[in-house]
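Structural characterization, general
Listed below are the residues making up each chain.
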Amino acid sequence: MNQRRPGFPARIAASPKGASVPAHSSTAAPRRIASWASTVAPAGVGLDSSAVRERMIERLAAGGVANLEVLKAMRAVERHRFVDSALANQAYEDTSLPIGLGQTISKPSVVARMVELLLGAPGARTNGLGRILEIGTGCGYQAAVLSRLAREVYSIERLRGLHERARANLRPLRLANVHLLLGDGTLGFPTGAPYAGILVAAGGAALPPAWCEQLAVGGRLVAPIADASGTQSLLVIDRSAQGFTQTLLEPVHFVPLKSGLG
Ligand code: SAH
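The paragraphs below set out a description of the structure included in this document. Predicted, not measured: the structure shown is a model, and the values here were computed from it.

1. A look at the site of the ligand
By nearness alone, 26 residues border the ligand, and Thr 104, Glu 157, Asp 184, Gly 185 and Lys 258 come closest of all. In the environment of the ligand, an oxygen atom lies 2.6 Å from a nitrogen or oxygen atom belonging to the side chain of Glu 157. One of the backbone N or O atoms of Gly 185 is found 2.7 Å from a nitrogen atom in the ligand. Within the complex, 100% of the 580 Å² of free accessible area of the ligand lies under protein. Judged by the fraction of its atoms near the pocket grid, the ligand is located in the largest cavity. Elements that contribute at least two residues to the shell around the ligand include exactly β2 (103-105), α5 (141-147) and β4 (152-157). Across the shell around the ligand, the residue classes tally to 11 nonpolar, 10 polar and five charged.

2. Some details on the pairing of strand β9 (residues 243-252)
Alignment of strand β8 (residues 232-240) against β9, held across eight bridges, turns out to be antiparallel. Counted as the bridge partner of Asp 238 is Thr 245 from β9. Here β8 folds back onto β9 in antiparallel fashion, the turn holding two residues.

3. Looking at the pattern of salt bridges
Scanning the entire structure with this criterion turns up six salt bridges. Taking the shortest distance from any N to any O, the salt bridge between Glu 164 and Arg 160 comes out at 4.0 Å. Highlighted residues: Glu 164 and Arg 160, both in helix α6 (residues 160-170), separated by four residues, approximately one helical turn. Assessed through its relative accessible area of 44%, Glu 164 is described here as partly exposed. The shortest N-O distance in the salt bridge between Arg 220 and Asp 238 comes to 2.6 Å.

4. Observations regarding the packing of aromatic side chains
For any pair of aromatic rings, the description rests on two quantities: the centre-to-centre distance and the angle between the ring planes. Counted under the stated rule, the structure contains three aromatic pairs. For the pair Tyr 154 and Phe 189, a centre-to-centre distance of 5.5 Å together with 35 degrees between the ring planes defines the contact as tilted. Taken together, the residues Tyr 154 in strand β4 and Phe 189 in the loop between β5 (178-182) and β6 (195-200) connect sequence positions 35 residues apart. A single burial state applies to Tyr 154 and to Phe 189, both of which are buried. For the cation-ring pair, Arg 79 lies above Tyr 141, with the distance from its terminal atom to the ring centre recorded as 5.7 Å.

5. Observations regarding the nonpolar core
One finds Met 74, Val 115 and Tyr 141 to be the most contacted residues of the largest nonpolar core, which totals 51 residues. Here the element with the most residues in this core is helix α3 (residues 108-119); it accounts for eight residues. If we ignore the near neighbours within four places in the chain, the residues touching Tyr 141 are Met 56, Met 74, Val 77, Arg 79, Phe 82, Ile 105 and Val 111. Residues Phe 189, Val 200, Leu 215 and Ala 223 belong to the second largest nonpolar core, which totals 18 residues.

6. What to know about the side chain of Ser 49
Residue placement: Ser 49 occurs in helix α1 (residues 31-62). Judged by its relative accessible area of 2%, Ser 49 falls in the buried class. Contact partners of Ser 49, with chain neighbours within four places excluded, come to Glu 78, His 80 and Tyr 92.

7. Regarding unusual backbone geometry
Residue Pro 194 is reached from Ala 193 by a cis peptide bond, and omega for that bond is 5 degrees. Position of Pro 194 among the secondary structure elements: in the loop between β5 and β6. With a phi close to 55 degrees, Leu 101 is a non-glycine residue in the positive phi region. For Leu 101, the location among the structural elements is in the loop between β1 (97-100) and β2. With a phi angle near 50 degrees, Arg 174 is a residue other than glycine that sits in the positive phi range.

8. A look at the layout of surface pockets
Space inside the largest pocket adds up to approximately 170 Å³. Lining the largest pocket are Arg 167, Leu 170, Arg 171, Arg 174, Leu 175, Ala 176, Val 178, His 179 and Leu 180. Of the residues in the lining of the largest pocket, the class split is five nonpolar, one polar and three charged.

Each value, and the rule that gives it
- Residues numbered from 1 in each chain as written.
- Predicted model: local features only at pLDDT ≥ 70, side-chain atom pairs only at ≥ 80, totals over all residues.
- Heavy atoms only, no water.
- Near = heavy atom within 4 Å.
- Polar contact = N/O pair within 3.5 Å; in protein donor to acceptor, adjacent residues only side chain to side chain.
- Areas by Shrake-Rupley, 256 points an atom, 1.4 Å probe, with all protein chains shown as cover.
- 1 Å grid on protein atoms, 1.4 Å probe; cavity = no way out; pocket = protein on both sides within 12 Å on 5 of 7 lines; lining within 4 Å.
- Sits in = over half its atoms within 2 Å of the grid points.
- Helix = DSSP H or I, 4+ residues; strand = E, 2+ residues; numbered from the N terminus.
- Nonpolar A, V, L, I, M, F, W, Y, C, P; charged D, E, K, R; others polar.
- Pairing = 2+ DSSP bridges.
- Salt bridge = Lys/Arg side-chain N within 4 Å of Asp/Glu carboxyl O.
- Buried < 20%, exposed > 50% of the residue type's maximum accessible area, 1.4 Å probe, protein only.
- Phe/Tyr/Trp six-rings, centres within 6.5 Å; stacked < 30°, edge-to-face > 60°.
- Lys NZ or Arg CZ within 6 Å of the ring centre and 35° of its normal.
- Core = buried A, V, L, I, M, F, W, Y, C linked by side-chain atoms within 4.5 Å.
- Contact = heavy atoms within 4.5 Å.
- Points joined across faces, edges and corners; volume = space filled by probe spheres on them.

These results come straight from atomic positions and should not be treated as a statement about function.
Below you can see the structure in the form of structure tokens.
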């Protein structure tokens, strides 16, 4: 279906930045807020969302996100459009939110942290961020952020309901460089390989071999990985001409990586 595409374009330079990443957890909205939001929030948040979003950007910067391109991309993407209207009033808090089918949209600080790490890949620092593979499209928010920073974004989701929801969320944005795929992300997406970056939004106990195989030389993989006790940490794998190096970073908490279609 998608054709193999040529190399990486010149875009943004960045370096990894240490920022602690709070847990990514699924919390249902209190009823009281939901009923208020359903009458007031959608229009209200929509009308003055740039001010609330600006405060989110200030908090991200204060929390250690230093890459101005990342902050710019997150300032541009309206997160409240990716969550249920009943939750729109919480869209700019640093919290994960339910997006249906038991899944969650990652909290903004986690999105910023992972995207910033991707931009710190050796290849991205010299040539800009080329083709990216995202595992776990969810509602499509992170794909929209990535679309502003990478040349092309391939994003795979295993649940049809969310794949379609992401498609609907992204349609009005007309992001020509985002390709949404329905499939099992543990297999990667060989047609688009090699990738300058692979970003995984769901946590497993082992790294599927396809991911490293599909990573370009100079590319970087950022994924949550669970240890024997089930505790997840952020794992960064860099591929060079000499091979792979891995770095384990701070603890995180993502929804589980599953195999096959849902
Ligand atoms: N980046 C998303 C976060 C989604 S949560 C956002 O911005 O909203 C993680 C997603 O990973 C869930 O939707 C889940 O269904 C999906 N997922 C889990 N295992 C997967 C797999 N093997 N392939 C593709 N998607 C997977």
